[in-house]
Amino acid sequence: MAVKLGLILLLFLLAVALTLGVGVQGLSWQAVRGAMGGYDPNDPLQVVLAEIRLPRLAAGLIAGGALGVAGSVMQALTRNPLADPGLLGVDAGAAFAVVLGALYLGQSDAGILAALAFPGAALAAMAVFLLGGGLSGEPGPIRLTLAGLAMSALLLSLVNGLILLRGDALEVFRFWIAGTLALGLQKPLLALAGVSLVGWWLALWIAPLLETLALGRGLARGLGTSPLKVQGAALLAITLLTGSAVAIAGPIAFLGLIVPPLARRLAGRNLRHELLAAPFIGASVLLFADALGRMILAPAEVRVGVMTAILGGPVFVWIARSLRLGEVR
Amino acid sequence: MKGFSTLILLLALIAFLSLLLGEVRLSLADLWQGLTTGEGPGALTLRVLRGPRVATAMAAGAAFGLSGAVFQMLLRNPLAAPDVMGFNAGAGLAVILALAFGLMLPMALIAALGGLLAALLVGLISWQPGRSEPALVMILVGLGIGFTASGLATFFLLTLTDAEASEARRWIIGSLAARSWNHAAQITVIAGVLGLLLAVQLRALACLELGPVLAQGLGLSVEAAKRKLLATAVLLAAGAVAVAGPVPFVALMAGPLGIGLTGARQPAARLLAAAGAGALILTGADLLSRSLWQGVQLPVGVMTGLLGAPWLMWLLTRAFGKVES
């Protein structure tokens, strides 16, 4: 156990160091230490660190942590190893709401736009959950995945249509088609960190109830758990987490798919342990993907949302292939 | 056969409207004059502007429809279709790669090849002898290959110049703009030949629909027959993609819509119904996409996306509601 905890911590620290050090402007350890000693706005290296790398790191920590936890909650709720907020259209919902707000309500205030992500995420999460058969108890992997696919396709077609009807929308669209960590400084980071912490706390709180629910609705009711309340709380947690991640970084698919199996392997089968490990693993994976995206075509930068999509597709295929469908239908 | 007359009537109506409506509205008199004398605006529309476009849409839609219907019958799942199972994403990725690396081949050919490769990959990866529910695994693996391909496509899209990117985007969404009679003839011949191939395999398809165990009992070599049928279906989709681009959701919608309109039960009748429904969907979506907004011509793929996604949602609530209750 100690070895595994150490492994999580080591990967996490490595990811943080990589995020601070890698980029167009290489940064040495001395520069970081110098900045800690006292911030000198005339030193270009320290400015890069404070204005570019640190906001990027903060954005990655919040978005990656939130999406990792959201993925774990989603997989526990749907009992489906192929569940992920991106795949199930939740972040498409958040993105669509923000685009709509920016284009048609004429909003440009970052805080209000970020707040719009939450109702969008909530509506999409509920719609996909219902379409995917959440209420009837056993959402099968195909049905749920296709419900998410349909939701994403619909929202994307709508966004495509909006863009063709409005010429000035292309720039907005670019941000919302694939997420990036580069805009951390423009976002209300503290407030969104707070919201995702609340989501994490809620997820930890209902974890044992979700495990009871996984035994079946009848059994859960017999043990004094109300399935509807637990499902509602889980959807709320998913909304808070995904909404804040999308508000910071735009849509990032597949992170919620990659993190839970890693967390289970490293932290064990207990859902609460998994949820405790998930944010650290999520942030590490996201930061690694981001660093890779900045190195691969340097000096150009590949958006982290594109990197996770490329990494996540094969993971999806691998999980699908090893599914024991007798169990999950 | 009563159902089929509805389908044929609808097809005729849509074709007729497609010739009349659009950027410039034609009157019936114009069309009649063009048809009888070969002169005036009606003749130009028929011969050059809308005639070949409608013919291409009809034939490509029929090919998509046949392809989807075969997938759905073979995998015995209404959610199976080449367009949701990685084929379209593969075609899109191939187009972008060709543009990114400056490959000098016709885009249509490249798109079709990319789709074929993706289909082959899905087949290879999902092939696990002796496992239960192979159809389910195949659909999921197809979805996953599709996700991977679209991720890679976005990646390479970023390396293109703006002009190349907008060219690529047109090919990825699927469009019927500026089709010629060559396109129409090409897809008609391809769909015709492959349709005949399907007709030869009709008995195998009927047996396989009963399930692999019964099909084997009826004297069919199951795996070989399945492979041949899937290959035919994939080629049909590739042919359609080559003239219309990877238009989403037509193959998925055609089968159930065809059955709904005609009430067909026999495999042969259902295939015919799916072909008709596919033609109806693609031609109808094309008509909507160029006449709904004055002055804006949306690519037909955006319209089938808008129509297809709610359809898929409805299908999900219905198809599974039955199984689960």
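Throughout, residues of each chain are indexed from 1 in the direction in which the sequence is written. The lettering of chains begins at A and the numbering of ligands begins at 1, in the order of writing. Totals for whole chains, interfaces and linings use every residue, but because this is a predicted model, local features are given only for residues with pLDDT of at least 70 and side-chain atom pairs only at 80 or more, for both listing and counting. Side-chain calculation: all heavy atoms of the structure are included, whereas hydrogens and water are not.

**Thoughts on the overall build of chain B**
- By the criteria applied, helices consist of DSSP H or I runs no shorter than four residues and strands consist of E runs no shorter than two, each listed in order from the N terminus. If you tally the helices and strands in chain B, you get 15 helices and zero strands.
- Of all intrachain contacts in chain B linking residues separated by at least 6 positions in sequence, the fraction that spans at least 24 positions is 75%.
- Surface summary for chain B: the accessible area is close to 13,900 Å², and the carbon and sulfur share equals 70%. Pairs of residues are marked as contacts when any of their non-hydrogen atoms sit within 4.5 Å. To be clear on the numbers: accessible area is Shrake-Rupley with a 1.4 Å probe, and residue cover counts the displayed protein chains and nothing else.

**So, the overall build of chain A**
- Looking only at helices and strands, chain A features 14 helices and zero strands.
- In chain A, the succession of helices and strands from N to C terminus is α-α-α-α-α-α-α-α-α-α-α-α-α-α.
- Here the term buried applies to any residue with accessible area under 20% of the maximum for its type, exposed to any over 50%, and partly exposed to those in between, with areas from a 1.4 Å probe on protein chains only. Burial status across chain A gives 57% buried among its 329 residues.
- In chain A, 76% of the contacts between residues at least 6 apart in sequence involve partners at least 24 apart.

**Structural notes on helix α12 (residues 222-244) of chain B**
- The span you would expect from a helix comes to 1.5 Å times its residue count less one. Here α12 of chain B contains 23 residues, and its C-alpha end-to-end distance of 33 Å stays within 8% of the 33 Å for a straight helix at 1.5 Å per residue.
- Note on α12 of chain B: the residue one or two positions beyond its end, glycine 245 of chain B, has a positive phi of about 80°.

**Describing the UniProt feature "transmembrane region" (unreviewed entry) in chain A**
Residue and element names in this part refer to chain A.
- UniProt positions are given in the numbering used here, feature names are shortened, and annotations may be inferred rather than shown by experiment. In the numbering used here, UniProt assigns the feature "transmembrane region" (unreviewed entry) to residues 86-106, 112-132, 144-163, 169-185, 190-210, 230-263, 275-296 and 302-320.
- The annotated region residues 275-296 carries 100% helix and 0% strand content, and the separation between its end C-alpha atoms amounts to 31 Å.
- Taken as a whole, residues 302-320 contains 89% helix and 0% strand, while its terminal C-alpha atoms sit 27 Å from one another.

**Quick notes on helix α13 (residues 250-262) of chain B**
- Between its first and last C-alpha, α13 of chain B extends 18 Å over 13 residues, near the 18 Å set by a 1.5 Å rise per residue.
- One or two steps after α13 of chain B, the chain reaches glycine 263 of chain B, where phi turns positive at roughly 70°.

**Quick look at unusual backbone geometry**
- In the Ramachandran plot, phenylalanine 254 of chain A falls in the positive-phi region, its phi being about 75° despite a non-glycine side chain.
- With respect to the helices and strands, the residue phenylalanine 254 of chain A is situated in the loop between α10 (227-249) and α11 (255-267).
- Backbone geometry places phenylalanine 249 of chain B, a non-glycine residue, at a positive phi of 75°.
- With respect to the element layout, phenylalanine 249 of chain B can be found in the loop between α12 and α13.
- Using a relative accessible area of 6% as the deciding quantity, one classes phenylalanine 249 of chain B as buried.

**Quick word on the nonpolar core**
- Nonpolar cores were defined as sets of buried Ala, Val, Leu, Ile, Met, Phe, Trp, Tyr and Cys residues, with membership established by side-chain atoms within 4.5 Å. Ranked by internal contacts, the top residues of the largest apolar core, which has 198 residues, are Leu210 and Phe316 of chain A.
- With 14 residues, the single largest contributor to this core is α12 of chain B.
- Contact partners of leucine 210 of chain A, with chain neighbours within four places excluded, come to Val73, Ala76, Leu77, Val230, Ala234 and Leu271 of chain A.
- Counting 17 residues, the second-largest nonpolar core is a separate cluster that includes Phe4, Leu11, Val54 and Ala279 of chain B.

**Digging into the confidence of the model for chain A**
- The predictor reports its confidence for every residue as pLDDT, a score running from 0 up to 100. For chain A, the mean per-residue pLDDT works out to 79, and 82% of the residues sit at or above 70.
- Within chain A, the element-level pLDDT minimum falls on helix α14 (residues 325-328) of chain A, averaging 47, and the maximum on helix α12 (residues 271-296) of chain A, averaging 89.

**Here's the deal with the packing of helix α4 (residues 51-75) of chain B against α12 of chain B**
All names here are of chain B.
- In this description, a line fitted to the C-alpha atoms serves as the axis of each element, helices being fitted only across the stretch in contact, and the angle between N-to-C directions of two axes falls anywhere from 0 to 180 degrees. As a packed pair, α4 and α12 sit with axes 8 Å apart at the nearest point and diverge in direction by 155°. With respect to their mutual orientation, α4 and α12 come out roughly antiparallel. Between α4 and α12 lies a crossing of left-handed hand. Contacts between α4 and α12 involve Thr56, Ala60, Ala63, Phe64, Leu66, Ser67, Val70, Phe71 and Leu74 from the first element and Lys226, Leu229, Leu230, Ala233, Val234, Leu236, Ala237, Ala240, Val241, Val243 and Ala244 from the second.
- Residue polarity is assigned by list, with Asp, Glu, Lys and Arg as charged and Ala, Val, Leu, Ile, Met, Phe, Trp, Tyr, Cys and Pro as nonpolar; anything else, Gly included, falls into the polar class. The residue makeup of the contact of α4 with α12, split by class, is 17 nonpolar, two polar and one charged. Orientation labels follow simple angle bins: below 35 degrees gives roughly parallel, above 145 gives roughly antiparallel, 65 to 115 gives roughly perpendicular, and whatever is left gives oblique. If you view the pair so one helix is near and one far, a crossing is left-handed when the near helix is turned anticlockwise from the far one by less than a right angle, and right-handed when it is turned clockwise.

**Thoughts on the confidence of the model for chain B**
Residue and element names in this part refer to chain B.
- With 92% of its residues at a pLDDT of 70 or more, chain B shows a mean pLDDT of 81.
- Across chain B, element-level confidence peaks in α4 with a mean pLDDT of 89 and bottoms out in helix α3 (residues 40-49) with 70.
- Taken as a whole, residues 321-325 scores under 50 in pLDDT and shows seven contacts with residues more than four places along the chain or in a different chain.

**Considerations on the environment of threonine 304 of chain B**
Residue and element names in this part refer to chain B.
- If you trace the backbone, threonine 304 turns up in helix α15 (residues 300-324).
- Put simply, threonine 304 and alanine 285 are 19 residues apart on the chain and 6.1 Å apart in space, counted from C-alpha to C-alpha.
- Excluding residues that lie within four positions of it along the chain, threonine 304 makes contacts with Val247, Pro248, Phe249, Val250, Met253, Ala285 and Ala309.
- By the criterion applied in these results, polar contacts are pairs of N or O atoms within 3.5 Å in which, for protein atoms, one can donate a hydrogen and the other can accept it, and in which residues neighboring in sequence qualify only through two side-chain atoms. Side-chain polar atoms of threonine 304 contact the backbone oxygen of glycine 301, separated by 3.1 Å.

**Looking at the packing of aromatic side chains**
- Here is the rule: rings of Phe, Tyr and Trp (six-membered ring for Trp) pair when centre to centre is within 6.5 Å. Planes less than 30 degrees apart are stacked, more than 60 are edge-to-face, and the remainder are tilted. Tallied over the entire structure, the rule returns six aromatic pairs over all chains.
- Plain terms: the ring middles of tryptophan 201 of chain A and tryptophan 205 of chain A are 5.9 Å apart, the flat faces sit at 5° to each other, and that makes the pair stacked. One end of the pair, tryptophan 201 of chain A, and the other, tryptophan 205 of chain A, are both in helix α8 (residues 189-213), four residues apart, so they sit about a helical turn from each other.
- Within the aromatic cluster, the residues linked to one another by ring pairs are Phe254 and Phe316 of chain A together with Phe147 of chain B.

**Describing the pattern of salt bridges**
- Salt bridge, as used here, is a side-chain nitrogen of Lys or Arg placed within 4 Å of a carboxyl oxygen of Asp or Glu. Counted under the stated rule, the structure contains six salt bridges over all chains.
- Several salt bridges converge on common partners, so that one network encompasses Arg56, Asp290 and Arg294 of chain A.

**Concerning a nonpolar patch on the surface**
- Patch definition: residues above 30% relative accessible area lacking any salt bridge, with like charges linked at up to 9 Å and the nonpolar side chains Val, Leu, Ile, Met, Phe, Trp and Tyr linked at up to 5 Å. Residues Leu103, Leu105, Leu109 and Leu113 of chain B make up a contiguous nonpolar surface patch of roughly 360 Å² in combined accessible area.
- Exposure remark for leucine 113 of chain B: the relative accessible area of 44% places this residue in the partly exposed category.

**Some details on the UniProt feature "transmembrane region" (unreviewed entry) in chain B**
Residues and elements named next belong to chain B.
- UniProt marks residues 53-75, 87-104, 110-128, 135-158, 184-208, 229-251, 271-289 and 296-316 with the feature "transmembrane region" (unreviewed entry), using the numbering shown here.
- Taken end to end, residues 87-104 comprises 78% helix and 0% strand; its first and last C-alpha atoms sit 22 Å apart.
- In the segment residues 271-289, helix accounts for 100% and strand for 0%; the C-alpha atoms at its two ends are 27 Å apart.

**Brief notes about the environment of phenylalanine 118 of chain A**
All names here are of chain A.
- In this fold, phenylalanine 118 is placed in helix α5 (residues 110-131).
- What makes phenylalanine 118 buried here is its relative accessible area of 16%.
- Each C-alpha atom, one on phenylalanine 118 and one on threonine 239, is 6.4 Å from the other, the two residues being 121 residues apart in sequence.
- Here phenylalanine 118 is in contact with Leu192, Val195, Thr239, Leu240, Gly243 and Ser244, once residues within four sequence places are set aside.

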